[in-house]
Amino acid sequence: MQAKRVWAMYWSATDTTKRVVTAIAGQAAQARGVSLAEYDFTLPGARQGAPEFTTDDLVVFGTPTYAGRVPNVLLKYLATVQGNGAAAVPVVTFGNRAFDDSLIELRDILSDNGFVPFAAAAFVGEHSFSTTLAAGRPDADDLALAMQFGRDIAARAAAVTAETPVIDVPGRAHDERTYYQPRDRAGNPVDIRKVKPKTNDSCDDCGLCAKLCPMGSIDPADVRNYIGICIKCGACIKKCPKGAKYYDDPSYLYHKTELEEGYKRRAAVSLFL
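Every chain is numbered independently, its residues counted from 1 as its sequence is written. Residues qualify for local features only when their pLDDT is at least 70, as the model is predicted, and side-chain atom pairs are given and counted only at 80 or more; totals for whole chains, interfaces and linings, by contrast, use all residues. In computing side-chain values, all of the structure's heavy atoms are included and hydrogens and water are not.

**Q** Please clarify how the overall build of the chain should be interpreted in this entry.
**A** Looking only at helices and strands, the chain features seven helices and nine strands. Put simply, the radius of gyration uses C-alpha atoms, and a globule should come to 2.2 Å times the residue count raised to 0.38. For 273 residues, the compact-globule estimate of 2.2 N^0.38 gives 19 Å, and the C-alpha radius of gyration of the chain, at 19 Å, lies within 12% of that figure. When its C-alpha atoms are laid out on the principal axes, the chain stretches across 55 × 40 × 35 Å. For the chain, the proportion of its 273 residues judged to be buried stands at 51%. Two residues form a contact once any of their heavy atoms are found within 4.5 Å. Considering only contacts in the chain between residues 6 or more positions apart, those separated by 24 or more positions represent 79%. Summing over all exposed atoms, the chain offers an accessible surface of approximately 12400 Å²; the carbon and sulfur share of this is 50%. Labels follow the DSSP assignment, with helices taken as runs of H or I lasting at least four residues and strands as runs of E lasting at least two, numbered in each case from the N terminus. Throughout this description, buried means an accessible area under 20% of the type-specific maximum (1.4 Å probe, protein chains only), exposed means over 50%, and partly exposed covers the range between. Surface exposure here means Shrake-Rupley accessible area, sampled with a 1.4 Å probe, where a residue is shielded only by the protein chains that are shown.

Structure below.
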C-alpha cells in the first residue's frame, strides 16, 4: 500500500494516548512525505461519526487500557469504524501495571472492521488514578521510541497488502478474555464501578469538567451532579485548574494505593513489527 495519508485516531481522556499516537503518526507521515490527519473521538460528539478510510490510508489507532481491555464503553462506537482496506497500527497505553488483552482486542476489532493491522505497540502512560504511578509518562524516552516506531512503520507500510497477515501480539483468544479484577490482600474483590468524584469548595463553577467528560456525565448546570456513569478516566480531576475534583471512596483509595505500591518499577514499552 502506498499510503497517501497518515491518520492519528485516538481516545485519550488525559492526553497520554494522544501524545503517543500523534508522535507515531507524525513521524510516519513525515517519513513518507504525506499529509497527517487527526481524529480525536474522546468526547461524545465525536463518536457520532468517523473518517472514511481507504487503501490509501495508514491509520495509527489508539486507546487506553481499562481493566486489561479496550474500554468497554467504546466497543459500540468502535464497531462502526470501517477500515475499507486501510493499513492500521493498533496502539494501547497502560498505567504501569500491564496491558493484558487490550492490544490483541484492539487488533481484532480493527481486523474485523476491514483494517489491515500490520504492526502494533503498547506504551506506558501515567495512570488515570494517580500522579505518581508512571508519573509523567510518556516521557522523552517513550516519545523517542514512538517516533522511531513511526519511522519503522512508514518503511514497512508500502509492503502491506490485503493479504498481509495480522500482526502477532500477546493476549488471549476472544472467549478467554476477562476484565482485570482488583482485590484486597485477603483476596476479596474491590468493586469501584459506581464510585464518582466529589467536588470541594475550591470549585468556581467554570464548567470545564463538564466539557471534558468523555461520557458527558457531568451536569454543566451543576458540576457537582452526575447525569451518567463515571469510568474513572481522570479527566475532570487532572484537568481541573482548581484541583476541585477528588475521590474519597475507601475502596477506590485502597485500590489506588495498592497499584502505586505494587507497580513502582518502570514498565517497558512493547513494539511489534
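Read on for the rest.
**Q** Explain empty space enclosed by the protein to me, please; I cannot follow it from the model alone.
**A** A pocket here means an open set of points on a 1 Å grid, computed over the protein atoms alone, that has protein on both sides within 12 Å along at least five of seven lines. A cavity is instead a set of points where a 1.4 Å probe fits but cannot get out; residues with an atom within 4 Å of a point line either one. Grid points are joined across faces, edges and corners, and a volume is the space filled by probe spheres set on the points. All told, the structure shown has two cavities of 30 Å³ or more when counted by the stated rule. Here the largest cavity is characterised by a volume of approximately 130 Å³. Along its surface, the largest cavity is lined by 16 residues, and Cys213, Ile218, Cys230, Cys233 and Cys236 are the ones closest to its centre. For the lining of the largest cavity, a count of residues per class yields 13 nonpolar, two polar and one charged. Amino acids are sorted into nonpolar (Ala, Val, Leu, Ile, Met, Phe, Trp, Tyr, Cys and Pro), charged (Asp, Glu, Lys and Arg) and polar (every other residue, Gly among them).

**Q** Even after reading the chapter, I still don't get helix 7 (residues 250-262), so can you show me in this structure?
**A** The length a helix should cover is 1.5 Å for every residue beyond the first. The first and last C-alpha atoms of helix 7 sit 18 Å apart over 13 residues, in line with the 18 Å expected at 1.5 Å per residue. Residues of helix 7 that are buried: Tyr252, His255, Leu259 and Glu260. For helix 7, the angular spread of the buried residues around the axis is 135°, confining them to a single face. This arc is built from the directions going out from the helix axis to the C-beta atoms.

**Q** Just checking my understanding: could you explain the environment of Gly83 for this structure?
**A** On the secondary structure map, Gly83 appears in the loop between helix 2 (75-78) and strand 4 (87-94). By relative accessible area, which is 0% here, Gly83 ends up buried. In this structure the C-alpha to C-alpha distance between Gly83 and Thr178, which are 95 residues apart in sequence, comes to 26 Å. Apart from residues no more than four positions distant in its own chain, Gly83 is found in contact with Phe53, Thr54, Asn113, Gly114 and Phe115.

**Q** Any chance you could explain the pairing of strand 1 (residues 5-10) here in plain terms?
**A** Working note: regular strand, side chains alternate between the two faces of the sheet. Of all the six residues making up strand 1, five are buried; the element is thus mostly covered by neighbouring parts of the structure. The rule for pairing is simple: two strands pair if DSSP sees at least two bridges between them. Bridge count for strand 1 against strand 2 (residues 35-40) is six bridges, and the pairing is parallel. Note that in strand 2 the partner of Val6 across the bridge is Leu36. Orient the strands so they point away from the viewer; a crossover is then right-handed if the path from the first strand over the helix to the second runs clockwise. Note that the unit made of strand 1, helix 1 (residues 16-32) and strand 2 has a crossover that is right-handed. Relative to strand 3 (residues 57-64), strand 1 runs parallel, the two being bridged by six bridges. From the neighbouring strand, Tyr10 faces strand 3, where its bridge partner is Gly62.

**Q** For this particular structure, what's the right way to read the layout of surface pockets?
**A** Over the atoms, a rolled probe matching the size of one water molecule traces out where space is still vacant. Computed from the structure, the largest pocket encloses a volume of approximately 1000 Å³. Together, 42 residues line the largest pocket, and Tyr66, Ala67, Phe129, Ile231 and Lys232 are the ones closest to its centre. Among the residues making up the lining of the largest pocket, the classes are represented as 20 nonpolar, 14 polar and eight charged. Reported here for the second largest pocket is a volume of approximately 170 Å³. When contributions to the lining of the second largest pocket are tallied by element, the ones reaching two or more residues are helix 6 (235-238), strand 8 (245-246) and helix 7. Of the residues forming the lining of the second largest pocket, the biggest block, three residues, is contributed by helix 7.

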